[in-house]
Amino acid sequence: MPETKPKYYLTTPIYYVNARPHLGHTYTTVVADTIARFMRMCGYDVVLLTGTDEHGQKVERAAKAAGVTPQAYADRIAGEYEQLWKELDLSIDRFIRTTEPRQERAVHRLLLQAKDKGYIYKGFYEGQYCVFDEMYVDEPLPGGLCPECKRPTEKVREENYYFKLSEFQDRLLKLYEEQPDFIQPETRRNEVMAFVRGGLRDLSVSRTTIKWGIPWPDDEKHVIYVWYDALTSYMTGIGYGDDEVQWEKYWPAELHLIGKEILRFHAVYWPAFLMAAEEPLPKKIFAHGWWLFADEKMSKSRGNMQYPQPIARTLGIDALRYFLLREMVFGQDGNFSRDALLTRYNADLANGLGNLASRIVAMIHQYFGGVLPPPVPEASLSQIAVALASKAAEVQDVAVQYYEEFKFSDALESIWELVAATDQFLTEKKPWALAKDPAKQAELGEVLFAAAQSLRHIVALAHPVLPHASTKIWKQLGERTDIASQDPKHLAWGALRPGTHVGEAEQLFPRADKKETSERIEAMEDEIRNPAGTPSTAPPAATPAAGAPAAGAATAPAANAKIGIEDFSKVELRVGLVKSAERIPGADKILKLMVDIGEETRQIVAGLAVSYTPEELVGKKVVVVANLAPRKLRGVESNGMIVAAAVGPEGKPVICTFAEDVPPGAKLK
Ligand code: ME8
């Protein structure tokens, strides 16, 4: 009989498609991915679900403003979510869109189960409605403002179906008391309990004023309340009403991860909906805090969003993950700043882990020809490395416990204590000095053996947060096993066998120049925010800075990631002859060029105006990226990109030339 793993089902919120994903959405999804990876390492059969919430008035209005149908709008933004999670390489097992047919079947089923038990009735509502929160407001603040979001509410009058929420007050309070960790953190639990103790009113679960939603099962005038719809997607995603085997296997969810602003929907309405339908309840709801920007919640409505792609494309996916999890205490709010990001990156990743790993691997090459030396006999081991071994064991216990408690920042802090202890160990033992004395070969071997074991512990423990870098270091250490299936509770000191051939040393986190990197990130942010415009602080994407991936490239790998030749060969580089060049009114950094690339003459918009006049460019042979999808810069279509070096702190573009005359259209290899 194959051993059956215990299951662990966790979810992120199902994100609204009224705007594109930003760093806040990325945060919850990265946290979920980290937990999923940790639980998989611990031997669980993990299912991680995310998705998009596509119905309701918000989406209806956003689509109208964009002049497209709600479905077309939803398709576009849902696609952006899927694409982003792919680019960030998140280990998502299920993606649910609430406009899928299976969702309608599941919502109807859950609703009818509750209706059959007598928890749904028809009534009449007249009062205020908050479109932003998609909810009725029984007691608006002065001026008719919503007490949740402080935005104006709208007067509505409609016939509705109601859910008898008022009947669940006692059962909900009993649930919170009997399962104290149902709502976490503790402060949030207290808030919810106070709210429920204050009394619950029946909840309207249908709308006649909105068309964009799942129709009521036997009354087409009504659509189902968007939160009833969205919450049910946690069940649809694992087969409710569709695939009984999957459903039975994975429900109830072990964890719903959410931001604190949607706690009431998850901790009050959701369990009540499930109790009414007599379905099992999720085990835990964790409401985390917000990323703030300049002390305000980062949100689409405030327009102060930061995006994850510029960070991932500049510093790497793992750097983004590390920052999000290390900087914010899970459960509390945290302020985002690029300065803090780059300080952490340089201190903890470039100078910290990256440097330690490349030093250890390089020294094994330098002193032992790339083969891990054997430890010296037991007696001297105790003299040399026992303190480091016991620090590794202690950090292992502590970090695992922190992961289990979702204290990611603490877990990383403790793992980095082992990074510091290993650095300190090398500083004290001075392998470079031991190497000069032939009588100290055994001791040198012991020092590097111990440092490598410690590094192995570090990367295994950091794997849930740094999946890519940890895997690379793991392989550099000569490990053939899969790091993702190491049990973090049982890492053995000495598991790395003497005689193992280590890989090439590689600096995984090159030091970042703070000013230049910050400007690059900002320029890429600008580009995402205003794809048709010119970035305000750096050359536009038509001339990528040296080493910087093109802004807007959907799946550009992290700057420090290696690509295979098959990836490079996807880029079609050709010699181009500039036939004409002109300025674009109102844009002082870019020029519109007509470039002969052999079979055709292309219009290309390039950020070369800071370095060249139009006249200087005419007649020049340049390198053109010929197979780039067309894009608009300042409203002018660009069909390709001119390759240039980015020089100096401003990234001044300098075009490439050829040592000999070459015909336009010649391919570069
Ligand atoms: O609320 N800081 O969708 P939504 C941290 N569709 N996390 C943030 C954040 C920030 N500044 N901004 C957003 C909805 N988030 C509903 C959910 S679930 C059945 C339906 C994250 O697109 C956080 O997880 O507004 C928050 O709860 C979620 O995005 C809200 O996403």
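Residues numbered from 1 in each chain as written. Predicted model: local features only at pLDDT ≥ 70, side-chain atom pairs only at ≥ 80, totals over all residues. Heavy atoms only, no water.

This paragraph deals with the site of the ligand. Near the ligand, the surroundings consist of 24 residues, among which Ile-14, Thr-28, Asp-53, Glu-261 and Trp-291 are the closest. The contact in question runs from a nitrogen atom of the ligand to an N or O atom on the backbone of Trp-291, over 2.8 Å. The fraction of the free accessible surface of the ligand (680 Å²) that becomes covered by protein chains is 96%. Here the residues of the shell around the ligand sort into 12 nonpolar, 8 polar and 4 charged. (Near = heavy atom within 4 Å. Polar contact = N/O pair within 3.5 Å; in protein donor to acceptor, adjacent residues only side chain to side chain. Areas by Shrake-Rupley, 256 points an atom, 1.4 Å probe, with all protein chains shown as cover. Nonpolar A, V, L, I, M, F, W, Y, C, P; charged D, E, K, R; others polar.)

This next bit is on the nonpolar core. Ranked by size, the top nonpolar core spans 109 residues in total, and within it Leu-10, Ile-35, Ile-415, Trp-416 and Leu-455 carry the most contacts. Examining the composition of this core, we find that 14 residues originate from one element, helix α12 (residues 338-368), more than from any other. With residues up to four places along the chain from it excluded, the contact list for Leu-10 reads Ala-32, Ile-35, Ala-36, Val-46, Val-47, Leu-48, Leu-49 and Leu-255. Within the second largest apolar cluster, 63 residues are counted, among which are Val-47, Tyr-161, Trp-227 and Leu-263. (Core = buried A, V, L, I, M, F, W, Y, C linked by side-chain atoms within 4.5 Å. Buried < 20%, exposed > 50% of the residue type's maximum accessible area, 1.4 Å probe, protein only. Helix = DSSP H or I, 4+ residues; strand = E, 2+ residues; numbered from the N terminus. Contact = heavy atoms within 4.5 Å.)

Below, the discussion takes up unusual backbone geometry. The omega torsion of the bond from Gln-184 to Pro-185 falls at -5 degrees, within 30 degrees of zero and hence cis. Along the chain, Pro-185 turns up in the loop between β7 (183-184) and α6 (186-197). For the bond from Trp-251 to Pro-252, the omega torsion is 5 degrees, close enough to zero to count as cis. Among the secondary structure elements, Pro-252 is positioned in the loop between α8 (244-250) and β12 (255-259). Positive phi is not limited to glycine here, since Phe-406 has a value of about 60 degrees. Secondary-structure assignment places Phe-406 in the loop between α14 (386-404) and α15 (408-429).

What follows deals with the pairing of strand β4 (residues 120-130). Pairing of β4 with strand β6 (residues 154-163) involves 10 bridges; the strand directions are antiparallel. Paired with Tyr-121 across the two strands is Tyr-162, which belongs to β6. Bridge analysis of β4 against strand β5 (residues 135-137) gives 3 bridges, and the strand direction is antiparallel. Bridge pairing in β5 places Gln-128 opposite Val-137. Count of turn residues in the β4/β5 antiparallel hairpin: 4 residues, of which Glu-134 carries a positive phi of about 50 degrees. (Pairing = 2+ DSSP bridges.)

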